[in-house]
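# Summary of structural features
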Amino acid sequence: MISTDSVSDNLASFSDANQAIALLKFYLESGADAAVEDLPRSRFGVAGVPAEPAAAAKPAPAVPATPVPARSAPPRATVTSPAAVLAAGDLAVAESARAAAAGANSLAELQEILRRFEGVEALRARATNMVFADGNPEASVMLVGEAPGADEDRLGKPFVGVSGQLLDRMLGAIGLDRTTFYITNVCFWRPPGNRKPTEAELVAQQPFVQRHIELVKPKVLVLVGAASAHALLNTNDGITRLRGRWFEYNSPGLGAPIPTLPIFHPAYLLRQPAQKRETWADLLKLKSRIAEIIH
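Let me begin by describing the structure that accompanies this report. Keep in mind it's a predicted model, so treat the numbers as computed, not measured.

Counting its regular elements, the chain contains twelve helices and eight strands. A buried classification covers 37% of the 295 residues belonging to the chain. A separation threshold of at least 6 residues defines the contact pool for the chain, and within that pool the share at least 24 residues apart is 70%. When the accessible surface of the chain is totalled, it reaches about 17,200 Å², and 55% of it is carbon and sulfur.

Pasting the structure below:
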């Protein structure tokens, strides 16, 4: 588009009609195929008579400028604990769980206290077995997954189904087996229909997971999947962003922070086999760190 005033001025400067025609062709070839006026004009007239062009707007009276305070930097995002978004009743359950878990001085005591804990009765009532742990509790490597599935619920052991078999092969590739690692979940009962555990369920069981880690005192902690990473690292970042990065897990019952590595859950790898390459890189990091810490 081009201003009508510009077109009129340019055409008026030519005395030869051929020059004016040549100028119009130039406008068309350049893509200027419509002319507009410099000021808006109403096309709605009275009784067929076009309305007058709109009068130029009068400049607004000057208004003294008001000083604008300098904008401060945006606040940094803060991680919100899952407990912060729960109802008062759920928080009471979590506090009760914290007190109960603190009374356990051994894995056997923790397992028995957890078995009697009534704060997750709705979850426990629909499961066949409590799935506490498997592997060697004296091992230097501890893995924490999400929740039991149907096979785990039936046998009472974590990671014994198809995804567990894949996890065993993955760890076997770097020289680990269930005699050299210990494994548990952040949820000790199978959620109905294999759904994800709710925030309330995770918060109610988190003190037991924390005490579980404190009693085992592993030298390396591996978080298998998003749910365990979110629960133990207190973050909402996705597992794709967390995996392959070393963190430190700490709690009051530990003498020192534990190097912690999140990885993809094997169930995810069964659905997305292309991600096995990234997981292999993560396992090599794990193997290297184990060699540094243990040997």
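What follows picks up the thread again.
Helix packing geometry: the angle between the two helix axes and the distance between the axes. Axis separation between helix α4 (residues 107–116) and helix α8 (residues 199–216) bottoms out at 10 Å; the angle between their running directions is 170 degrees. Taken together, the axes of α4 and α8 are roughly antiparallel relative to one another. For the pair formed by α4 and α8, the contact residues are Leu 107, Leu 110, Ile 113 and Leu 114 on the first element and Phe 208, Arg 211, His 212, Leu 215 and Val 216 on the second. Along the lines of polarity and charge, the residues of the contact of α4 with α8 split into seven nonpolar, one polar and one charged.

Burial runs high along strand β4 (residues 141–145): five of the five residues are buried. By the alternation rule, side chains of β4 split into Val 141, Leu 143 and Gly 145 and Met 142 and Val 144, which are all buried. Summarising the sheet, β4 and strand β5 (residues 181–185) pair through five bridges and their orientation is parallel. Each residue of the ladder has a partner; that of Met 142, found in β5, is Tyr 182. Where β4 and strand β6 (residues 220–224) come together, four bridges link them in parallel fashion. Bridge assignment links Val 144 to a residue of β6, and that residue is Leu 223.

The next point concerns unusual backbone geometry. The backbone of Phe 159 shows a phi angle near 55 degrees, a positive value even though the residue is not glycine. If you trace the backbone, Phe 159 turns up in the loop between α6 (150–155) and α7 (162–172). Using a relative accessible area of 5% as the deciding quantity, one classes Phe 159 as buried. Phi is positive for Lys 217, close to 50 degrees, though the residue is something other than glycine. Here Lys 217 is to be found in the loop between α8 and β6.

The next thing to look at is the sheet that holds strand β3 (residues 134–135). Ordered by their spatial adjacency, six strands build an open sheet running β3-β5-β4-β6-β8-β7, and the pairing between neighbours is mixed. The open sheet is flanked by β3 and β7 (247–249), the only strands paired with a single partner. Sitting on the sheet, helix α9 (residues 226–233) touches β4, β6, β7 and β8 (258–263), and the angle it makes with β6 is about 130 degrees. Strand contacts of helix α12 (residues 276–294): β4, β6 and β8, with the helix running at about 165 degrees to β8, the strand carrying the most contacts.

Reading guide: rules and limits
- Residues numbered from 1 in each chain as written.
- Predicted model: local features only at pLDDT ≥ 70, side-chain atom pairs only at ≥ 80, totals over all residues.
- Heavy atoms only, no water.
- Helix = DSSP H or I, 4+ residues; strand = E, 2+ residues; numbered from the N terminus.
- Buried < 20%, exposed > 50% of the residue type's maximum accessible area, 1.4 Å probe, protein only.
- Contact = heavy atoms within 4.5 Å.
- Areas by Shrake-Rupley, 256 points an atom, 1.4 Å probe, with all protein chains shown as cover.
- Axes fitted to C-alpha atoms, helices over the stretch in contact; angles between N-to-C directions.
- Parallel < 35°, antiparallel > 145°, perpendicular 65-115°, else oblique.
- Nonpolar A, V, L, I, M, F, W, Y, C, P; charged D, E, K, R; others polar.
- Pairing = 2+ DSSP bridges.

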